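# Structural overview
Below are the chains, spelled out letter by letter.
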Amino acid sequence: DQFSIGMRNKVGDWNTSATISRINSYNGIIGQLGNRYGNGDFYKGQNQWGSSGVPGIGALILFDNGKETRNNELLLSAERPYTKDSGWGATIAYTYTDAKQNRLYTDGYAFDLPKITDYPFLTSSAAAKHRLVTTLSYDGPWGLLLAGKLTLATPLPTTDIACCNLFPNPVGAIAYPAVGLAPGKRFLFGGPIFGYRDIDLQATKNFDLTRGMDLYLRFDILNALNFKNYSSTINTWGIDGVLNPNPVVYNKTGDIFGVPRTFKFTLGFRW
């Protein structure tokens, strides 16, 4: 289900828009563990992994259509279109996202609890709560077109299966779904609130070859300030049932979003 309401206006040379949207998805396919103990229980001593599958066949996986997501968004944007007369253009786009999920949209299986309806709705790990993207293009000297893009976003939540003593657990499992947020990093100013920071710069020179043909040279600097946008986390929810004050931190030797500082040169031909 998708619903949205919005408004567009022109304020001077700027085109502005504001939109509120709600998107809900239902009936996502999910695999659940069908193994049970001899008395029909899913748990024995709060542990399901010793349970048996179908006699003579083995482990049993039951597929159901119980995966759901719920998403509310606020989108604000302003654009000043580039014109030859003004020699510059700019865009600003901000998105606030309040998203919930009972399983990550990429998860195909849910083996830790008896059935998908036992999984709580938690903050989604698919989208940052706050995201800002701005661009600027400008006519530079010698016929160069100069442009830049700034992208900032708060950290992505991390979903995990944590010790059941740390969170409300109505089904009696030794592990239960949880969500956490890694501490953010600083940008050029302000506090440590960002999980993704990126500045891209580019310069383009066009050569008119007449008869509708153009040759262009483009030079890009991606992630110009070489921000380290970590994508993987280390999760330590608790010891002896006590919640760790910082259960989720970035893995500084793990993968990153995007690229490290990268230089790229492009030669192209258009007709």
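Structure: see above.
Everything quoted here is computed from the prediction, not taken from an experiment.

### Regarding the pattern of salt bridges
- A full pass over the atoms with the stated rule returns four salt bridges.
- A salt bridge links Asp220 to Arg218, with the nearest nitrogen and oxygen atoms 2.9 Å apart.
- For Asp220, a relative accessible area of 5% corresponds to the buried category.

### Some words on the layout of surface pockets
- Of the voids in this model, the largest pocket is the one considered here, and its volume is about 260 Å³.
- Around the largest pocket sit 16 residues that line it, and Thr154, Pro155, Leu156, Tyr230 and Phe257 are the ones nearest its centre.
- Here the second largest pocket is characterised by a volume of approximately 190 Å³.
- Lining the second largest pocket are 19 residues, and of these Lys129, Thr154, Pro155, Pro157 and Leu181 sit closest to its centre.
- At the level of secondary structure, the elements contributing two or more residues to the lining of the second largest pocket comprise strand E4 (88–101) and strand E10 (175–180).
- Per-element accounting of the lining of the second largest pocket gives the leading share, three residues, to E4.
- Tallied by class, the residues present in the lining of the second largest pocket amount to 10 nonpolar, seven polar and two charged.

### Quick notes on a nonpolar patch on the surface
- On the surface, a nonpolar cluster with roughly 420 Å² of combined accessible area is contributed by Ile29, Ile61, Phe63 and Tyr109.
- Structurally, Ile61 can be placed in strand E3 (residues 61–80).

### Re the pairing of strand E12 (residues 214–222)
- In this structure, strand E11 (residues 196–208) lies alongside E12, joined through eight bridges in antiparallel fashion. Bridging across to E12, Lys205 finds its partner in Leu217.
- Here E11 folds back onto E12, and the loop between the two strands holds five residues, one of which, Thr210, carries a positive phi near 70 degrees.
- Pairing geometry for E12 and strand E17 (residues 262–270), over nine bridges, is antiparallel. Directly across from Leu222, in E17, lies its bridge partner Thr262.

### Notes on the packing of aromatic side chains
- This model, assessed by the stated rule, comprises nine aromatic pairs.
- Measuring from centroid to centroid gives 5.5 Å for Tyr109 and Phe111, while their planes differ by 55 degrees, and the two rings are tilted.
- By relative accessible area, which is 43% here, Tyr109 ends up partly exposed.
- Every member of this aromatic cluster is reached through a ring pair, and the members are Phe63, Tyr109 and Phe111.
- Lying across the ring of Phe121, Arg70 places its NZ or CZ 3.6 Å from the centre.
- If you follow Lys205 out to its NZ or CZ, it ends over the ring of Phe207, 5.6 Å from the centre.

So, how was this worked out
- Each residue is numbered by its place in its chain's sequence as written, counting from 1.
- Whole-chain, interface and lining totals are the exception, using all residues; otherwise, since this is a predicted model, local features are given only for residues with pLDDT of at least 70 and side-chain atom pairs are given and counted only at 80 or more.
- Only hydrogens and water are removed before side-chain values are computed, so all heavy atoms of the structure are retained for them.
- Any carboxyl oxygen of Asp or Glu that lies within 4 Å of a side-chain nitrogen of Lys or Arg is treated as forming a salt bridge with it.
- Remark: exposure states derive from per-residue accessible area (1.4 Å probe, protein chains only) relative to the maximum for the residue type, with buried under 20%, exposed over 50%, and partly exposed in between.
- A pocket, in this scheme, is an open set of points on a 1 Å grid over the protein atoms alone with protein on both sides within 12 Å along at least 5 of 7 lines, while a cavity is a set where a 1.4 Å probe fits but cannot get out; residues line either one if an atom lies within 4 Å of a point.
- Grid points are joined across faces, edges and corners, and a volume is the space filled by probe spheres set on the points.
- Helix and strand labels come from DSSP, where a helix needs a run of H or I of at least four residues and a strand needs a run of E of at least two; each type is numbered from the N terminus.
- Gly falls in the polar group here, along with every residue not listed as nonpolar (Ala, Val, Leu, Ile, Met, Phe, Trp, Tyr, Cys, Pro) or charged (Asp, Glu, Lys, Arg).
- Patches draw on residues past 30% relative accessible area with no salt bridge. Two like charges within 9 Å are joined, as are two nonpolar side chains (Val, Leu, Ile, Met, Phe, Trp, Tyr) within 5 Å.
- Residue exposure ignores everything except the shown protein chains as possible cover, and the areas themselves are Shrake-Rupley values with a 1.4 Å probe.
- Pairing between two strands is assigned when DSSP locates at least 2 bridges connecting them.
- Each Phe, Tyr or Trp ring, with Trp reduced to its six-membered ring, pairs with another whose centre is within 6.5 Å; inter-plane angles below 30 degrees give stacked pairs, above 60 give edge-to-face pairs, and intermediate values give tilted ones.
- In this analysis the charged atom, NZ for Lys or CZ for Arg, is taken to sit over a ring once it is within 6 Å of the ring centre and within 35 degrees of the ring normal.

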